[in-house]
Amino acid sequence: MRHFIGKRAFASALSLIGLIVLVFFLSRLTGDPTALFLPLDASLESRERFRELHGLNDPIIVQFGHYVWDVLNLDFGDSIRKARPALEVVLSAFQWTLILALTTVFLVTVAAIIIGSLAAFYAGGVFDRIATFLSLIGASAPDFWIAIVAIVLFSVNLGWLPTSGTGTIWHWVMPIAVLFIRPFGLALQVVRGSMITALSSAYVKTARAKGVKASPIIFVHALRNALLPVITVIGDLAAGMLNGAVVVETIFGFPGVGKLMIDSILQRDFTVVLAAIMVSAMAIFLMNLLIDIAYSVLDPRIRY
Amino acid sequence: MTDTDQIPDKALEKEPNAFAQMMRMLWHDKVALVAVIFLIIVAFCAIFGPWLLDAAATKQNLRGRNSPPFDMAKGWLFVLGGDALGRPLFARIIVAASNTIMVATGAVLCSMVIGSTLGLIAGYTKTRASQIILRLADVIMSFPSLLLAVIVLYMLSPSVTNIIIVLAITRIPIYLRTTRAEVLEIRERMFVQAARVMGASDMRIIFRHILPVVFPTLLTIATLDFAFVMLAESALSFLGIGIQPPEITWGLMVSQGRPYLTNAWWLSFWPGLAIILTTLSLNLVSNWMRIALDPVQRWRLEIKGKKQ
Amino acid sequence: MRKLSVGLLGASLAMTMMSPALAEDTDVTIVLSEELDLIDPCMASQSNIGRVVLQNISETMTELDGSGGGLMPRLAESWETVDDDTWRFSLRKGVVFSDGTSFGAEDVAHSLKRVVAEGLVCEIGAKYFGGSTITTEIIDDHTIEITSDPAQPIMPLQLSGLTIVPSETPMEYTREPIGTGPYVLSEWNVGQNVILTRRDDYWGETPAVTKATYVFRSDDSVRAAMVATGEADFAPKISELDATNPATDFAYPNSETVYLRLDTLTAPLDDVRVRQAMNLAIDREAFIGTIIPAEAILATAIVPPSTIGWNADLKVPAYDVEKARALLAEAKADGVPVDAEITLIGRTSNFANVTEVMEALLAMYQDAGFNMKLEMYEVAEWLDFYSQPFAEDRGPQVIEAMHDNAKGDPVFSMYFKYASEGLQSALRDPAVDKMIADATAATGDDRTSKWSDLFAYLHDEITADVQLFHMVGFSRVSERLDFTPTIATNSEIQLSQIGFK
């Protein structure tokens, strides 16, 4: 196992470097930030000065050299727009995203496994139909609908929750609830599908025939087999959230990394884009490693 | 753990008239039947919609904008109300089906085929290639789709193909990783080991033994991805990369109706409902097919049929 | 039992967390649409930064009265011309910066130097002082002479945009802005809020607001909802669609003008008849009160009617499709390639309903017989089309743009949009170049009439573009505030103008 992790860490480091190189060169194909940063009527001289100041006139390979040298010195550059260290900008946003994503993923996992298992156990029954129906509607509805309707209902009309922002635990309720809905629908369906297959396989039938009670059947035998695709899908959803929950962040004024990333891409604030990708990529790589380890824990036959 | 999973789809082939039997099962499961009918209607709209209603869907009337739904005074086309330019929403939803289904089907199919193929390779072989594929998936997962879209926009000209490419690339990892996770486990099962001992080729093992087991999960993800792709596509149109007005998709209609959500809800509600219903139907049909095609499970449908 | 009491404690704790810290009733919360990247005074011409900084933290030499009162003194008490290119300003005495240092001519000179400094990209410098060389001479502690090359007859107006910083301010972006204004920046919680508190040693009248908290929400309806629930007191920008409560919601002219820039360098748009046809083919009235707010005004020039020289004699072209078709046919007969496909380019999220407006324009043009297609782009790509240098093989392009001029003088618009060298100009007309140069150098009534003539020439003689609407903004003000938004609200929110009912 230690050998596996060591090899994996090395491979991941290589992919991270590849990713950064790729992003560095590709993002610079999308124009430079000069026209976006300066007012429309800025003269050609001031544009030139801006480019000179931020090294945008250098050949791209020279710019890359500077960047690599700085990163080796643990300097990830300054944000052009914010005049602050890019890494600081990203980390302060990422902490919010991390809490939001972890809480939501935890809730999704627990709820999907419990409700999905029950739906599979009573497949075709009323509970199954209702759970499937509601979760599918939630998963395919535009998320801003749910967010805005929730604000109008719970904040403006009922006055139960604050509309948006941060500060108290109540501010977290609506963002987490809205973020929960879509992944929950998909995770629930995957749990349900895998569990139906697992429950109808011969060994579970045998256990049933032997008179083992309902809940141990589900949770010990079937679940173990069904979990592989489930954690994979939840992992993918978590990766999406670690890249930022854009709709939730824009509507609820939540200072996460998703809106930061989008704004930085649209404004060509390359250093922030690179720092943000670096941080979220590390989180995603780590998560995928944990998932792979979880496979072999769940199913000892799987070895790498 | 006793492992006696069977190779699916054998029973069906033996049936003298498989199609008739499917139809009979479908008839007995009314929910699935409704879903199938709905999908046929959507497909019909996608093919013939632009040809039938294009003129009506683009006829603007600024002074009759945002007309509320269920008011038949302006003609049956306005049954779902009018949009911000006074165009009938009903006609627009039907015309938009064409672009919407094209983009969504294209993106979902591409990502599913490419993703699951790579996933099969990564899961089945233990070579260096599988490591490279997986790290590539890590990279794609960490690459912001918006950045990809902006890059594509700058390097290529805006077109429907490009939007499909962007959407497909970003959705590859989920199929890839899910397929691989399942293959890792199935590979170790008794029947696969047995097939291998008996000298079955790798191709045969993958396509006859492994893929049928993995497929249902992929289908579940793919059906929900339809909704995701339909909505994500409108975000890319904002950049100027995808479908451009006056061309229209359901996702674009939903996002254009967003500011009106509290004043004229119908602008984004109906296209959103179309997305929800299509996704729901796809999912219900895929759930039904999963049972109908699986000989171990089929008793569920047949028992129900007999009861009625 | 023990468990229960712990639970109760938790619940009561949660309850206290839920109610915000007891706010004084002279505190206000303002919800802006965009997070601030910087709070440097030299960036205050950016509207989201200006709304926090201008006249609250940093003051200017002169001030343009938002309610139409013209140019007023602020840190300068009076001014006069010394000769054609030099102005003398007498500064207010007894003014101190929030760091305790006193304000004098030295600070004005430094502020002017700082906005055009190399190594620091200041928007104010690029916007108001680009293209001219400014030199200063300090006469005494409270008198300064400012010279501009070329001569600048409206320098006092330009100085209404210059934020004054103390002479110790370094030549790099500061995160702790120091100014002479009635408020200081007391907290900046990045991503969450910016808090200004009232100063005790302000030179002027003590304002009523003691503390202002700025928060940021990019969604229109959320900002409106925040004022409705009392979480915020003022939202300077809400959507027209949410502005449904007459007690709290106000429309104000926001000094923005929407127009279509015609590429007069490319056929068929180089033919005046085609450009006239483009003006006649659209039903401007139909937009007003439908997808453009009812309070908006049809435009005949790129600057709003409150600008000097705005020409009241110009008539909005009547909607006449027949005539447009006739003009096109006439041009076609003369060999103008009127069938060439014209690209109509819009900017996504430029203003509310921009996509609908563009779609409607497209339909009207197609109806009149134009061969046209629509492309909508996000700002970065759109700028490539709008600003020089233009692509060589671009084909005929019509570009939608919205221009802001709240300064009351056309000089801030005309050169950039119409002169041959102007960065967003697709016009190469020596007569226009000369008229702009003459008007820029003129003063008084002569200046007014020269601008007027230019507007008439552009609109009636050469039909340089398609002017559409002078826009309005909507804001929501809590009923407990005594405050009415004006044309200035687009660029600044003076807390000292906010009272309580």
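The rules behind each value
Residues numbered from 1 in each chain as written. Chains lettered and ligands numbered in written order. Predicted model: local features only at pLDDT ≥ 70, side-chain atom pairs only at ≥ 80, totals over all residues. Heavy atoms only, no water. Patch = residues over 30% accessible without salt bridge, like charges linked within 9 Å, V, L, I, M, F, W, Y side chains within 5 Å. Areas by Shrake-Rupley, 256 points an atom, 1.4 Å probe, with all protein chains shown as cover. Salt bridge = Lys/Arg side-chain N within 4 Å of Asp/Glu carboxyl O. Helix = DSSP H or I, 4+ residues; strand = E, 2+ residues; numbered from the N terminus. Buried < 20%, exposed > 50% of the residue type's maximum accessible area, 1.4 Å probe, protein only. Contact = heavy atoms within 4.5 Å. Buried area = accessible area lost by both parts, 1.4 Å probe. Polar contact = N/O pair within 3.5 Å; in protein donor to acceptor, adjacent residues only side chain to side chain. Nonpolar A, V, L, I, M, F, W, Y, C, P; charged D, E, K, R; others polar. Expected span 1.5 Å × (residues − 1). Domains from an automatic or database assignment.

Undergrad: Outline a nonpolar patch on the surface, supporting the account with residue identities and numerical values.
TA: Residue and element names in this part refer to chain A. On the surface, Phe106, Leu107, Val110, Ile114, Leu118, Tyr122 and Phe127 cluster together to form a nonpolar patch covering roughly 640 Å² of accessible area. Residue contributions to the nonpolar patch peak at five residues, all from helix α5 (residues 86-121). The class of Val110 is partly exposed, set by a relative accessible area of 37%.

Undergrad: Got a sec to walk through the interface of chain B and chain C? Specific residues and values, please.
TA: Reports often express the size of an interface as the amount of accessible area lost when the parts come together. Each side of the interface is counted separately: chain B has 22 residues, and chain C has 28 residues. Summed over both partners, the interface of chain B with chain C buries about 2,100 Å², with 54% contributed by carbon and sulfur atoms. When the area that chain B buries against chain C is broken down by residue, the three leading residues are Leu62, Phe238 and Pro245 of chain B, summing to 24%. The residue Glu359 of chain C makes a salt bridge to Arg87 of chain B at a minimum N-O spacing of 2.6 Å. Our enumeration of links across chain B and chain C arrives at three residue pairs in polar contact (both at pLDDT 80 or more). Taken together, the residues of the side of chain B that touches chain C break down into 12 nonpolar, six polar and four charged.

Undergrad: I'd like a description of helix α1 (residues 2-27) of chain A, backed by residues and values.
TA: For α1 of chain A, with 26 residues, the first-to-last C-alpha span of 37 Å sits near the 38 Å given by 1.5 Å per residue. Restricting attention to buried positions, one finds in α1 of chain A the residues Phe4, Arg8, Ala11, Ser12, Ser15, Leu16, Leu19, Ile20, Val23, Phe24 and Ser27 of chain A. As for α1 of chain A, its buried residues are in contact with α4 (60-72) and α13 (270-298) of chain A together with α5 (128-142) and α6 (145-155) of chain B.

Undergrad: I'd like a rundown of the pattern of salt bridges, residues and numbers included.
TA: The tally for this structure, following the rule as stated, stands at 36 salt bridges over all chains. Across the pair Glu77 of chain C and Arg92 of chain C runs a salt bridge whose closest N-O atoms are separated by 3.8 Å. Pair noted here: Glu77 of chain C is in strand β4 (residues 76-83) and Arg92 of chain C is in the loop between β5 (86-91) and α3 (105-115), with a separation of 15 residues, a long-range link. A relative accessible area of 41% places Glu77 of chain C in the partly exposed class. The buried category is assigned to Arg92 of chain C, whose relative accessible area is 17%. In this structure, a network of salt bridges that share partners links the residues Arg8 and Asp292 of chain A together with Arg177 and Arg180 of chain B.

Undergrad: Talk me through the domain arrangement of chain A; I want residue IDs and the actual numbers.
TA: Residues and elements named next belong to chain A. By domain assignment, chain A separates into domain 1 (2-72) and domain 2 (86-298). With centres defined by C-alpha atoms, the gap from domain 1 to domain 2 works out at 32 Å. Tallying the contact residues gives 18 residues for domain 1 and 15 residues for domain 2. Regarding the contact of domain 1 and domain 2, the summed buried area is about 1,500 Å², with carbon and sulfur atoms giving 78% of it. For domain 1, the biggest contributors to the area lost against domain 2 are Arg8, Leu16 and Tyr67; these three give 29% of the whole. We note a salt bridge from Asp292 to Arg8, for which the minimum N-O separation is 2.8 Å. Our count for the domain 1 to domain 2 interface comes out at two residue pairs in polar contact (both at pLDDT 80 or more). Per-element tally for the side of domain 1 that touches domain 2: the top contributor is α1, with 11 residues. Taken together, the residues of the side of domain 1 that touches domain 2 break down into 10 nonpolar, five polar and three charged.

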